[in-house]
Amino acid sequence: KVKPREVNEQAPVLPGVESVIAIASGKGGVGKSTVSSNLAVSLTRLGYRVGLLDADIFGPSIPKMFATEDARPMVQKVEGKDRIVPVEKYGVKLLSIGYFVNPDDALVWRGAMATNALKQLINDALWGELDYLLIDLPPGTSDIHLTLVQTVPLTGAVVVSTPQEVALADARKGISMFTGKQINVPVLGLVENMAWFTPKELSENRYYIFGKDGCKKLAETLNVPLLGQIPIVQGIREGGDEGVPAAMEDSTMTSVAFAKLAEAVV
Ligand code: ADP
C-alpha cells in the first residue's frame, strides 16, 4: 500500500504531488507502458488526480497509447520561470519526451542528454495538485533510474513482468535495484502481465503461453505483494495502438482487471 511521501519544506520537489510511483520492468516488451497507461486511467476512474510521466526516454510510447502524438505542451511563465504544462487526455496529465523530439532522434541520445531531459521534465513541469504521479521508466537498471531517485523522492515502485523465466530473472534484478542501499525505495509489488490467454469460444480454458504463475511464485519467494495478473487480451493491444486504453471500457473483464490492480496499488 502507498504511504504519502514526506515533502521537504526547504527544497520541495513536486510539492503538490502526494505519491510518486515508478513503474519498472527488468526486460523490455513485457507491457510496462501498457500497464502504466491503463493503471493511470483506472486511478482517475477511482476519483484520483493522476499524472503520467513517460521516462522511457529512448522509446517513449505514452504519446501513442493516449493518441497524443501531435500534442505540443505549452510553456507558461510562473514567477519568472518557464514551466511546462502537461498534456491532458482522458483526465490524465501526461508528459513525455516524445512531445518534444522526434522519437527517432532520442534513440541516439547519450546518457547525459537523456538524464538532463528527464530532470527538466520533472523539475519544470506544472503538475499542480496530484494524488498520484506515475513514472513509466525505461526497462532495465540504467543511469536513468539512479537519476530519477536522486531527483524525486519516490513513494514506491511497481515492477511489471511476464511469467516467463527470462523476464522473471530481470524482474528480480529490478526489485533488488530498488531495495538495494543505493536506491532504497519500497517495492509496492509485482504485476504479472500476459499471465494467460483465453480464446472467446473456449472461455473456460486458460492457456499459459509464458508459463503459469511465474510472478506469483517470485512474489512469494521475495516476500513482495502480487498486485495483479493481467491476461493477454487482443483489446489491450488494440487499445494501446489506437490510443484508447482498454481500462476506459465499461465493466469489461479487462477494465475490471485494471480497476482491481489500481485498488491494489493505492
Ligand atoms: P514495454 O513498455 O514493457 O516495452 P509495452 O507496454 O510497449 O511493453 O507492450 C509491448 C507490446 O505488448 C505492445 O504491443 C502491447 O500492446 C502488447 N501488450 C502488452 N500487454 C498486453 C496484454 N496484456 N495483452 C495483449 N497485448 C499486450
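On a predicted model such as this, the values are computed, not experimentally measured, just so you know.

The rules behind these values
- Residues numbered from 1 in each chain as written.
- Predicted model: local features only at pLDDT ≥ 70, side-chain atom pairs only at ≥ 80, totals over all residues.
- Pairing = 2+ DSSP bridges.
- Helix = DSSP H or I, 4+ residues; strand = E, 2+ residues; numbered from the N terminus.
- Axes fitted to C-alpha atoms, helices over the stretch in contact; angles between N-to-C directions.
- Contact = placed C-beta atoms within 7 Å.
- Near = placed C-beta within 6 Å.
- Nonpolar A, V, L, I, M, F, W, Y, C, P; charged D, E, K, R; others polar.
- Core = buried A, V, L, I, M, F, W, Y, C linked by C-beta atoms within 7 Å.
- Buried ≥ 20, exposed ≤ 12 C-beta atoms within 10 Å, placed from the backbone.
- Right-handed = clockwise from strand over helix to strand, strands pointing away.
- UniProt positions renumbered as here; feature names shortened; annotations may be inferred.
- Parallel < 35°, antiparallel > 145°, perpendicular 65-115°, else oblique.
- Left-handed = near helix turned anticlockwise from the far one by under 90°.

Details of the sheet that holds strand 9 (residues 187–197)
Ordered by their spatial adjacency, eight strands build an open sheet running 5-6-2-7-1-8-9-10, and the pairing between neighbours is mixed. Each edge of the open sheet carries a strand with a single partner, namely strand 5 (87–89) and strand 10 (226–232). Going from strand to strand, the sheet's axes swing by 25 degrees on average, the running direction of each strand aside. Note: strand 2 (residues 50–54) against strand 6 (residues 92–96), five bridges, orientation parallel. Bridge pairing links Leu53 to Leu95 in strand 6. With respect to the sheet, helix 7 (residues 214–222) is in contact with strand 8 (156–161), strand 9 and strand 10, its orientation differing from that of strand 9 by roughly 155 degrees.

Observations concerning the site of the ligand
In the region of the ligand, 17 residues are neighbours, and Gly31, Lys32, Ser33, Thr34 and Arg237 sit closest. Those elements that place two or more of their residues in the shell around the ligand are helix 1 (32–45), strand 9, strand 10 and helix 8 (234–242). For the shell around the ligand, the per-class residue count stands at six nonpolar, nine polar and two charged.

Notes on the environment of Leu148
Examined against the element boundaries, Leu148 turns out to sit in helix 5 (residues 143–151). Along the sequence, Leu148 and Leu137 sit eleven residues apart, while their C-alpha atoms lie 9.1 Å from each other. Each residue touching Leu148, except ones within four places of it in the same chain, is listed here: Ala22, Ala55, Leu118 and Ile135.

Thoughts on the nonpolar core
With 72 residues, the main nonpolar core has Ile23, Leu134, Ile135, Ala157 and Val158 as its most contacted residues. The residues contacting Leu134, other than those within four sequence positions of it, are Ile21, Ile23, Ser36, Leu39, Ala40, Val50 and Leu52.

Things to note about the pairing of strand 10
As paired strands, strand 9 and strand 10 are joined by five bridges and run parallel to one another. Note on strand 10: the bridge partner recorded for Phe197 is Ile232. In this fold, the crossover linking strand 9 to strand 10 by way of helix 7 has right-handed handedness.

So, the pairing of strand 1 (residues 17–24)
Counting buried positions over the eight residues of strand 1 gives seven, a clear majority of the element. Taken together, the six bridges between strand 1 and strand 7 (residues 130–136) define a ladder with parallel strand orientation. The residue of strand 7 that forms the bridge with Val20 is Leu133. With four bridges connecting them, strand 1 and strand 8 associate as parallel partners. Of the residues in strand 8, the one forming a bridge with Ile23 is Val158.

A closer look at the UniProt feature "binding site: ATP" (unreviewed entry) in the chain
Here, the residues flagged by UniProt with the feature "binding site: ATP" (unreviewed entry) are Gly26, Lys27, Gly28, Gly29, Val30, Gly31, Lys32 and Ser33. Take Gly26: it is sitting in the loop between strand 1 and helix 1. What Gly26 contacts, discounting residues up to four positions off in sequence, is Pro139, Gly140, Ser161, Ala167, Asp170, Ala171, Lys173 and Gly174. You can see Ser33 is positioned in helix 1. When neighbours within four sequence positions are excluded, Ser33 is seen to be in contact with Asp56, Ser61, Ile62, Met65 and Asp136.

Structural notes on the packing of helix 4 (residues 111–123) against helix 5
Helix 5 packs onto helix 4 with a crossing angle of 30 degrees between their chain directions and a minimal axis gap of 10 Å. Between helix 4 and helix 5, the interaxial angle falls into the category roughly parallel. The two elements helix 4 and helix 5 cross, and the hand of that crossing is right-handed. Residue-level inspection shows Gly111, Ala114, Thr115, Leu118, Lys119 and Ile122 of helix 4 in contact with helix 5, the latter providing Asp143, Ile144, Thr147, Leu148 and Thr151. For the contact of helix 4 with helix 5, the residue count by class is five nonpolar, four polar and two charged.

Observations concerning the environment of Ser36
Note that Ser36 resides in helix 1. On a C-alpha basis, the gap between Ser36 and Asp136 in space is 6.3 Å, while along the polypeptide they are 100 residues apart. Every residue in contact with Ser36, bar those within four places of it in the chain, is listed here: Ile23, Leu52, Leu134 and Asp136.

Structural notes on the packing of helix 6 (residues 165–179) against helix 7
It is at 11 Å that the axes of helix 6 and helix 7 come closest, and there the two elements cross at 35 degrees. In this structure, helix 6 meets helix 7 at a crossing whose hand is right-handed. Contacts from Leu168, Ala171, Arg172 and Ile175 in helix 6 reach Gly214, Cys215, Leu218 and Leu222 in helix 7. Looking at side-chain class alone, the contact of helix 6 with helix 7 contains six nonpolar, one polar and one charged residues.

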